[in-house]
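The residues making up each chain are set out below.
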Amino acid sequence: MTDLQRLPLHDLHVEHGGRMVPFAGWEMPVQFQGVMAEHLHTRAKAGLFDVSHMGQVLIRPATDMATLAAALELLMPVSVAALPEGRQRYGLLTNEAGGIRDDLMFANRGDHFYVVVNAGCKEADIAHLTAHLGDQVCPVTDRALLALQGPQAVDALSVLVPAVATMRFMDVITADTVYGPLWISRSGYTGEDGFEISVPFGGADGLARALLAMEDVAPIGLGARDSLRLEAGLCLYGHDIDEATSPIEAGLNWAIQKSRRTGGFAGDERILRELADGPERRRVGLLPEGRAPMREGTQLFAEDGTPVGIVTSGGFGPSVGAPVAMGYVAASHATTGTTLLGEVRGKRLPLTIAPMPFIPPSYKR
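Conventions adopted
Residues numbered from 1 in each chain as written. Predicted model: local features only at pLDDT ≥ 70, side-chain atom pairs only at ≥ 80, totals over all residues. Heavy atoms only, no water. Helix = DSSP H or I, 4+ residues; strand = E, 2+ residues; numbered from the N terminus. Buried < 20%, exposed > 50% of the residue type's maximum accessible area, 1.4 Å probe, protein only. Contact = heavy atoms within 4.5 Å. Areas by Shrake-Rupley, 256 points an atom, 1.4 Å probe, with all protein chains shown as cover. Lys, Arg positive; Asp, Glu negative; His and termini not counted. Charge placed at Lys NZ, Arg CZ, Asp CG, Glu CD. Axes fitted to C-alpha atoms, helices over the stretch in contact; angles between N-to-C directions. Parallel < 35°, antiparallel > 145°, perpendicular 65-115°, else oblique. Left-handed = near helix turned anticlockwise from the far one by under 90°. Nonpolar A, V, L, I, M, F, W, Y, C, P; charged D, E, K, R; others polar. Pairing = 2+ DSSP bridges. Polar contact = N/O pair within 3.5 Å; in protein donor to acceptor, adjacent residues only side chain to side chain. Salt bridge = Lys/Arg side-chain N within 4 Å of Asp/Glu carboxyl O.

Here the focus is the overall build of the chain. The helix and strand inventory of the chain stands at eight helices and 20 strands. Each of the three principal axes of the chain carries a C-alpha extent, and together these read 65 × 50 × 40 Å. Per-residue burial for the chain yields a buried fraction of 56% across its 365 residues. Long-range contacts, defined as pairs at least 24 residues apart, comprise 64% of the intrachain contacts of the chain with a sequence gap of at least 6. For the chain, the accessible surface area stands at approximately 15,200 Å², while carbon and sulfur atoms represent 52% of it. When the 31 basic and 42 acidic side-chain charges of the chain are each reduced to a single mean position, those positions are 4 Å apart.

Set out below in C-alpha cells:
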C-alpha cells in the first residue's frame, strides 16, 4: 500500500487495532473490533469514523452569494439560492445526459458555500466546478473530517462543544475550541443522529482522542459504515449511482425541489422527462430469503425467467438480522412485495422487493 495516501489519523487507527485496506486511493481502516460489533455499537451508542479521504471545498463568491448560487444551480437540479445561512442540503452534480457526476453535501455559511464530495470523485469534481466557477473554488487541504454517529453522539460531542445540543438535522455551525475552529454539521450517512466535524490537522488527533476516551464512543471502520448506510437505504457513489444513473431512477426525486422542476440545469431534458413519465428502471430495496446475502452484481430475474435487473449493494444487515440489498429493477417489476429471483452460484433464489430504509432513521428534527 506504498502508493496510497494516509489519513491524518493513520497512527491512531493502527494504535486502536485498525485493519488497514486500500480504498479510493487511501489506506483506510476497514474494521477495529469486527464489522458486526461496530455496526451494533453505532446503532446503540456512538461510533467515530474517519472520513478525511473525502473532499472538502470552499466556494467563495467573486461578487455576491446570489450570483454564485445561480451559477451553482446550472450544475445541480437542487435549490441553492433558497438554502438559508447556517443550513446544509444534499446535492447532485449532474451531466448533460442526466446522469450523476457525484452526490454531495453543501452548506450556506453566510459569505461562502462549504461542499463535501466523495473521495473517488474529488479531483474530477474540483476540475468540473473550477471549469464553471473559476477561482471561486478553493479546495481545503489542511483539515481532517470526522463523523460521530449514533444516539449518544450528541451527549459525547456536547461535552466538548456545548452548542451542538441545540442543533437540528442539517444545521451547520463553526465552533472555536482548543482543537481549532470546528466546522460542524448535524448530519451523517448511517441513518442515525450524529455530526460531521471538519477539524484542522493540528487538532484532529486531540479531538479524536478526547471523543474515544468517552465510554460510549468507539472507533468504527469502513465495513460497518457500509452496512449502516445500506440498512439506511443510502446510495454509495460508484455502486448505486454513477454517471449513467439519473436521480429519478435512483429514487432521489425528493432532492429536486419544486422550484427546480422547470429546468435550467445540466441534464434537465432527461430528468424532467423521467419526473413526468417515470423512468424505465427504479432503485428498490431487496430482502433475500434465508441467511445468504446477495452481493453487488447479482443478476435479478422475474419468476418466469425474464432478466429484470441487478443488485448494486448487498450484505448482511446486523440491525435487521437478515440479508438486505438494493438494486435496479425494470419499472414493470418494481412494486413493493414483488417476488424476484437472484442468481447466486448458478442457483436462482427468491427475494422480495421491500421499501427503504430497512431501519427507521433517527435524525434530530
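Read on for the rest.
Turning our eyes to something else, we now look at the packing of helix α2 (residues 35–44) against helix α7 (residues 222–231). What describes two packed helices is the angle between their axes and the distance between those same axes. Between α2 and α7, the least distance of the axes is 8 Å, while the angle of their chain directions is 55°. When the interaxial angle is binned, α2 and α7 end up oblique. Considering how the two elements wind past one another, α2 and α7 form a crossing that is right-handed. Contacts from Val35, Glu38, His39, Thr42 and Arg43 of α2 reach α7 at Gly223, Ala224, Ser227, Leu228 and Glu231. Within the contact of α2 with α7, the residues separate by chemical class into three nonpolar, four polar and three charged.

Along the polypeptide, Asp125 turns up in helix α4 (residues 122–133). Once residues lying within four places of it in the same chain are set aside, the contact partners of Asp125 are Leu93, Arg101, Asp102 and Val117.

Let us now look at the sheet that holds strand β4 (residues 46–50). The strand order β11-β12-β13-β10-β4-β14 describes an open sheet built from six strands, whose pairing is mixed. Edge positions in the sheet fall to β11 (172–177) and β14 (217–219), since each has one partner strand and no second. Here the strands of the sheet are splayed against their neighbours by 25° on average, with no regard to which way each runs. Across six bridges, β11 lies against strand β12 (residues 180–185) in antiparallel orientation. Residue Asp176 lies in a different strand from β12, and its bridge partner there is Pro181. Each of β4, β10 (143–149) and β14 touches α2; the most contacted strand, β4, lies at about 120° to it. Against the sheet, helix α5 (residues 153–160) contacts β4, β10, β12, β13 (194–200) and β14, and its axis sits at roughly 35° relative to β13.

On to the side chain of Thr245, then. Along the chain, the position of Thr245 falls in the loop between α7 and α8 (268–277). Residue class for Thr245 comes out buried when judged on its relative accessible area of 2%. In terms of polar contacts, Thr245 uses its side chain to reach the side chain of Asp242, at 2.8 Å. Not counting residues within four places of it along the chain, the set of residues in contact with Thr245 comprises Gly98, Gly99, Ile100, Asp240, Ala250, Arg270, Arg281 and Tyr328.

So, about the sheet that holds strand β9 (residues 137–139). If you trace the five strands from one edge of the open sheet to the other, you get β6-β7-β8-β5-β9, paired in antiparallel fashion. Both outer strands of the open sheet, β6 (87–94) and β9, are each paired with one neighbouring strand and no more. Across this sheet, the average inter-strand angle for adjacent strands is 30°, counted without regard to direction. As defined by bridge partners, strand β5 (residues 55–59) adjoins strand β8 (residues 113–117) across five bridges and the pair is classed as antiparallel. By the bridge assignment for β8, Gln56 is matched with Val116. Here helix α3 (residues 65–73) sits on the sheet and contacts β5, β7 (100–108) and β8; the angle it forms with β8, its principal contact strand, is near 25°. Each of β5, β6, β7, β8 and β9 touches α4; the most contacted strand, β9, lies at about 155° to it.

Before going further, it helps to examine α2. Among the residues of α2, those classed as buried are Glu38, His39, His41, Thr42 and Arg43. Looking at the buried positions of α2, the neighbouring elements they touch are β3 (26–31), β4, β10, β14 and α7.

Attention now goes to unusual backbone geometry. The residue after Met356, namely Pro357, is reached through a cis peptide bond having omega 5°. Within the element layout of this structure, Pro357 appears in the segment after β20 (347–354). Positive phi, normally seen in glycine, also occurs at Met170, with a value near 75°. One can find Met170 in the loop between α5 and β11. Under the relative-accessibility criterion, Met170 is labelled buried at 10%.

For the coordinates displayed, the defined rule picks out 15 salt bridges. In this structure, Arg87 and Asp171 form a salt bridge, with 2.8 Å as the shortest nitrogen-oxygen distance. Highlighted residues: Arg87 in strand β6 and Asp171 in the loop between α5 and β11, separated in sequence by 84 residues. For Arg229, the salt bridge goes to Asp226, with nearest N and O atoms at 2.9 Å. Here Asp226 and Arg229 lie together in helix α7, a separation of three residues that amounts to about one turn. The exposure class assigned to Arg229 is buried, which follows from its relative accessible area of 4%.

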